[in-house]
Amino acid sequence: MAEDPGKRAIVFGASGGIGGAVTAQLRQSGDYEVLAGSRSGSGDFHFDLTDESSIARSAQQVGSGKPIDFVFIATGLLHRDDGISPEKSWRALDATNMSEVFAVNAVGPTLVAKHFLPLLRRDRRAVFAALSARVGSIADNRLGGWHSYRASKAALNMLMKTFAIELSRRNPQSIVTALHPGTVDTGLSRPFQRSVGAAGLFAPEECAAALLKVTAGLKPEDSGGLFGWDGVPIPF
Ligand SMILES: NC(=O)c1ccc[n+]([C@@H]2O[C@H](COP(=O)([O-])OP(=O)(O)OC[C@H]3O[C@@H](n4cnc5c(N)ncnc54)[C@H](OP(=O)(O)O)[C@@H]3O)[C@@H](O)[C@H]2O)c1
């Protein structure tokens, strides 16, 4: 179902595989005025999740004028060239790396919420969505490993649930949701794709289409949940 015209969407992480595809599809739909931000690369605004002042500045930059209908946070960190990689055992845990993974995956989206939830529309449906991961589900953890990433996404899921409760008092039509995108062919998953196989791997465009369908279909009573790319709720 097409969204009403005249709406405003903000994407965080447009330089990423999924964030880029979500931005392109929102623009293509013509349903939204889309403002897309990233840390690196071009964008309508720039921010670093580890620098709250850059998020506050972004809110001032894009928040003036019309209220926002849709915020989509597509940022995240699993591995990085400076030595961050998912742990196979507790022996690999490193406080600095763990803190950085939490800063990007849990604290960063929280700061976006702090500065952007107040800018959401209060008089009709408004959606605040962030990419999480199924591995952040405590109930679903059967394999172990990936301690920092899993725990940071579990924290994100809890924070989103908490925001959902708080925001519903301001706007009963609001929806706050965490999303699991599936395994998607991006830089984030590339070193870990072998276990999935080509059949289980989404192109970023397929993933973006699926996630936008899910967010378009969510109802206020779904707020606070974690949903898969197929729209199925995932237990915390
Ligand atoms: N791909 C998958 O299979 C998969 C599976 C489950 C969950 N997810 C989740 O989906 C989300 C998007 O992943 P992706 O696959 O699209 O990864 P990606 O292509 O690596 O994109 C990650 C994005 O996060 C941004 N980012 C990282 N650190 C940042 C910081 N400090 N400040 C601002 N932006 C920062 C990156 O910006 P720069 O370009 O500036 O680095 C980039 O835009 C993540 O939350 C990930 O955990 C992905």
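Just above, that's the structure.
Residues numbered from 1 in each chain as written. Predicted model: local features only at pLDDT ≥ 70, side-chain atom pairs only at ≥ 80, totals over all residues. Heavy atoms only, no water.

Novice: Can you help me understand the overall build of the chain in this one?
Specialist: Counting its secondary structure elements, the chain contains five helices and nine strands. Along the longest, intermediate and shortest principal axes, the C-alpha atoms of the chain span 50 × 35 × 35 Å. A total accessible area of about 11,300 Å² is found for the chain, and carbon and sulfur atoms account for 55% of it. Across the chain, the mean location of the 25 positive side-chain charges is 3 Å away from that of the 23 negative side-chain charges. (Helix = DSSP H or I, 4+ residues; strand = E, 2+ residues; numbered from the N terminus. Areas by Shrake-Rupley, 256 points an atom, 1.4 Å probe, with all protein chains shown as cover. Lys, Arg positive; Asp, Glu negative; His and termini not counted. Charge placed at Lys NZ, Arg CZ, Asp CG, Glu CD.)

Novice: I'm lost on the site of the ligand in this one. Help?
Specialist: Taken together, 26 residues form the shell around the ligand, and within it S15, R39, T75, Y149 and T186 come nearest. The separation between an oxygen atom of the ligand and a polar main-chain atom of G17 is 2.8 Å. Those elements that place two or more of their residues in the shell around the ligand are α1 (17-29), α4 (147-170) and β7 (183-184). Partitioning the shell around the ligand into residue classes produces eleven nonpolar, twelve polar and three charged. (Near = heavy atom within 4 Å. Polar contact = N/O pair within 3.5 Å; in protein donor to acceptor, adjacent residues only side chain to side chain. Nonpolar A, V, L, I, M, F, W, Y, C, P; charged D, E, K, R; others polar.)

Novice: I tried to follow the packing of helix α2 (residues 52-63) against helix α3 (residues 95-116) on my own but got confused; where do I start?
Specialist: Working note: a packed helix pair is described by the angle between its axes plus the distance between those axes. At a minimum axis distance of 9 Å, the contact between α2 and α3 shows a crossing angle of 35°. As for the relative orientation of α2 and α3, their crossing is right-handed in sense. Two secondary-structure elements touch here, α2 through E52, I55, A56, S58, A59 and V62 and α3 through G108, L111, V112, K114, H115 and F116. Within the contact of α2 with α3, the residues separate by chemical class into seven nonpolar, three polar and two charged. (Axes fitted to C-alpha atoms, helices over the stretch in contact; angles between N-to-C directions. Left-handed = near helix turned anticlockwise from the far one by under 90°. Contact = heavy atoms within 4.5 Å.)

Novice: Even after reading the chapter, I still don't get the pairing of strand β5 (residues 126-131), so can you show me in this structure?
Specialist: Two faces make up the sheet, and in a regular strand the side chains alternate between them. Burial analysis of β5 places six of its six residues in the buried class, which makes it a mostly covered element. By the alternation rule, side chains of β5 split into A126, F128 and A130 and V127, A129 and L131, which are all buried. With four bridges connecting them, strand β4 (residues 70-73) and β5 associate as parallel partners. Bridge pairing in β5 places F70 opposite V127. With respect to chirality, the unit in which β4 leads through α3 into the neighbouring parallel β5 is right-handed. (Buried < 20%, exposed > 50% of the residue type's maximum accessible area, 1.4 Å probe, protein only. Pairing = 2+ DSSP bridges. Right-handed = clockwise from strand over helix to strand, strands pointing away.)

Novice: Looking at this structure, how should I read the pattern of salt bridges?
Specialist: Pairs can form between side chains of opposite charge whenever their charged atoms are close. Enumeration over the complete set of coordinates arrives at ten salt bridges. Close ionic contact of R27 with D44 constitutes a salt bridge, the shortest N to O distance being 2.8 Å. With a gap of 17 residues between them, R27 in helix α1 and D44 in the loop between β2 (32-38) and β3 (45-46) connect regions that are remote in the sequence. For R27, a relative accessible area of 43% corresponds to the partly exposed category. You can call D44 partly exposed: its relative accessible area is 36%. Each of D69, R121, D123 and R124 takes part in a single network of salt bridges with overlapping partners. (Salt bridge = Lys/Arg side-chain N within 4 Å of Asp/Glu carboxyl O.)

The values are spatial; any link to function lies outside them.
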